[in-house]
Amino acid sequence: DQQVKQNSPSLSVQEGRISILNCDYTNSMFDYFLWYKKYPAEGPTFLISISSIKDKNEDGRFTVFLNKSAKHLSLHIVPSQPGDSAVYFCAAGGYGGATNKLIFGTGTLLAVQP
Amino acid sequence: DVKVTQSSRYLVKRTGEKVFLECVQDMDHENMFWYRQDPGLGLRLIYFSYDVKMKEKGDIPEGYSVSREKKERFSLILESASTNQTSMYLCASSLLIHTQYFGPGTRLTVL
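In this report, the structure presented in the accompanying data block is examined. (Residues numbered from 1 in each chain as written. Chains lettered and ligands numbered in written order. Predicted model: local features only at pLDDT ≥ 70, side-chain atom pairs only at ≥ 80, totals over all residues. Heavy atoms only, no water.)

The next point concerns the overall build of chain B. Of the regular secondary structure elements, chain B holds zero helices and 11 strands. In chain B, the order of α-helices and β-strands from amino to carboxyl end is β-β-β-β-β-β-β-β-β-β-β. Taking 111 residues into account, the globule formula puts the C-alpha radius of gyration at 13 Å, and chain B, at 13 Å, falls close to it. Counting only C-alpha atoms and orienting by the principal axes, one finds that chain B spans roughly 35 × 25 × 25 Å. Looking at chain B residue by residue over its 111 residues, the buried ones come to 50%. Once local pairs closer than 6 in sequence are excluded, the contacts in chain B between residues at least 24 apart make up 55%. Total accessible area on chain B stands at roughly 5300 Å², and carbon and sulfur atoms take up 51% of it. When the 15 basic and 14 acidic side-chain charges of chain B are each reduced to a single mean position, those positions are 6 Å apart. (Helix = DSSP H or I, 4+ residues; strand = E, 2+ residues; numbered from the N terminus. Rg over C-alpha atoms; globule rule 2.2 N^0.38 Å. Buried < 20%, exposed > 50% of the residue type's maximum accessible area, 1.4 Å probe, protein only. Contact = heavy atoms within 4.5 Å. Areas by Shrake-Rupley, 256 points an atom, 1.4 Å probe, with all protein chains shown as cover. Lys, Arg positive; Asp, Glu negative; His and termini not counted. Charge placed at Lys NZ, Arg CZ, Asp CG, Glu CD.)

Here you go:
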């Protein structure tokens, strides 16, 4: 049972345009969401997070939006740069019980074309 | 700056061998994790530990065991390696449960 889903395995965007990566979840007990970025042959690096009490969090070119009623979050990258080309994982977690660990999505490969 | 190191970047082993993967973190984090990453499956949690000598099973613990004798070190053990354990293995540590910091990964091939 995939509790965190990234339905787009890949995304291609032109440099300077907006990249939008999507993530859906099924467990309403999740109350903390994160995005990680992974280059080939490297470990994932933490990018940005959002608590369930917020609907938006911004850090420079990166913004994460959370729609709790739809159980959906998205990562916006504006403007996209070639160095953003990587696999992006969303992850969800809670503060107790079965959600007291991170559940990762399957990842979306972003390619930013120069 | 958090640093998580893993003992090997690439490892080739034969079926039936006992395999040790070592992970060390230098930030005095309480929590440590082992994941494997496979194409189309994302990161799946194998085992994690909240404290020294403490361990909990993740989502796919079968065929693996772990050891945490010191706070900074978390080892993953494949008792008898099999070809379906060929994967990228990632170690992570965290102070808070959610913001995890990952090592560079070990690409294990079992022949």
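Structure shown, so let's carry the discussion forward.
Another point: the overall build of chain A. The helix and strand inventory of chain A stands at zero helices and 11 strands. Tracing chain A from N to C terminus, the helices and strands come up as β-β-β-β-β-β-β-β-β-β-β. Relative to the 2.2 N^0.38 estimate, which gives 13 Å for 114 residues, the radius of gyration of chain A is 14 Å and therefore close to what a compact globule would have. Dimensions of chain A, computed from the C-alpha atoms along their principal axes, are close to 45 × 30 × 20 Å. Counting across all 114 residues of chain A, residues that qualify as buried make up 46%. Long-range pairs, those at least 24 residues apart, make up 55% of the contacts in chain A with a sequence separation of at least 6. Accessible surface computed for chain A: about 5300 Å², of which carbon and sulfur atoms make up 51%. Separation between the mean location of the 10 positive side-chain charges and that of the 9 negative ones in chain A comes to 3 Å.

The interface is formed by 20 residues belonging to chain A together with 21 residues belonging to chain B. Here chain A and chain B share an interface that buries about 1700 Å² over both sides, 59% of which is from carbon and sulfur atoms. Remark: the boundary between chain A and chain B carries one salt bridge. There are five residue pairs in polar contact (both at pLDDT 80 or more) connecting chain A and chain B. In terms of residue class, the side of chain A that touches chain B is made up of 11 nonpolar, six polar and three charged. (Buried area = accessible area lost by both parts, 1.4 Å probe. Salt bridge = Lys/Arg side-chain N within 4 Å of Asp/Glu carboxyl O. Polar contact = N/O pair within 3.5 Å; in protein donor to acceptor, adjacent residues only side chain to side chain. Nonpolar A, V, L, I, M, F, W, Y, C, P; charged D, E, K, R; others polar.)

Before going further, it helps to spend a moment on unusual backbone geometry. Following A:Val78, the chain continues into A:Pro79 via a peptide bond in cis, with omega recorded as -10°. On the secondary structure map, A:Pro79 appears in the loop between strand 8 (72–77) and strand 9 (86–93). A positive phi angle, close to 60°, is found at A:Ala41, a residue other than glycine. Mapped onto the elements of the fold, A:Ala41 is located in the loop between strand 4 (32–38) and strand 5 (45–51). Residue A:Ala41 is classed as partly exposed on the basis of its relative accessible area of 34%. Its identity as a non-glycine residue notwithstanding, B:Asp28 has a phi of 60°, on the positive side. Along the polypeptide, B:Asp28 turns up in the loop between strand 3 (19–25) and strand 4 (31–38). Relative accessible area serves as the criterion here: at 52%, B:Asp28 is assigned to the exposed category.

Residue and element names in this part refer to chain A. A full pass over the atoms with the stated rule returns two disulfides over all chains. Shown here is the disulfide that connects Cys23 with Cys90, its sulfur atoms set 1.9 Å apart. On the S-S bond that ties Cys23 to Cys90, the torsion sits near 60°, and the link is right-handed. Residue Cys23 is located in strand 3 (residues 19–25), and its partner Cys90 is located in strand 9; the two are separated by 67 residues in the primary sequence. When its relative accessible area of 0% is taken as the criterion, Cys90 is described as buried. (Disulfide = S-S within 2.5 Å.)

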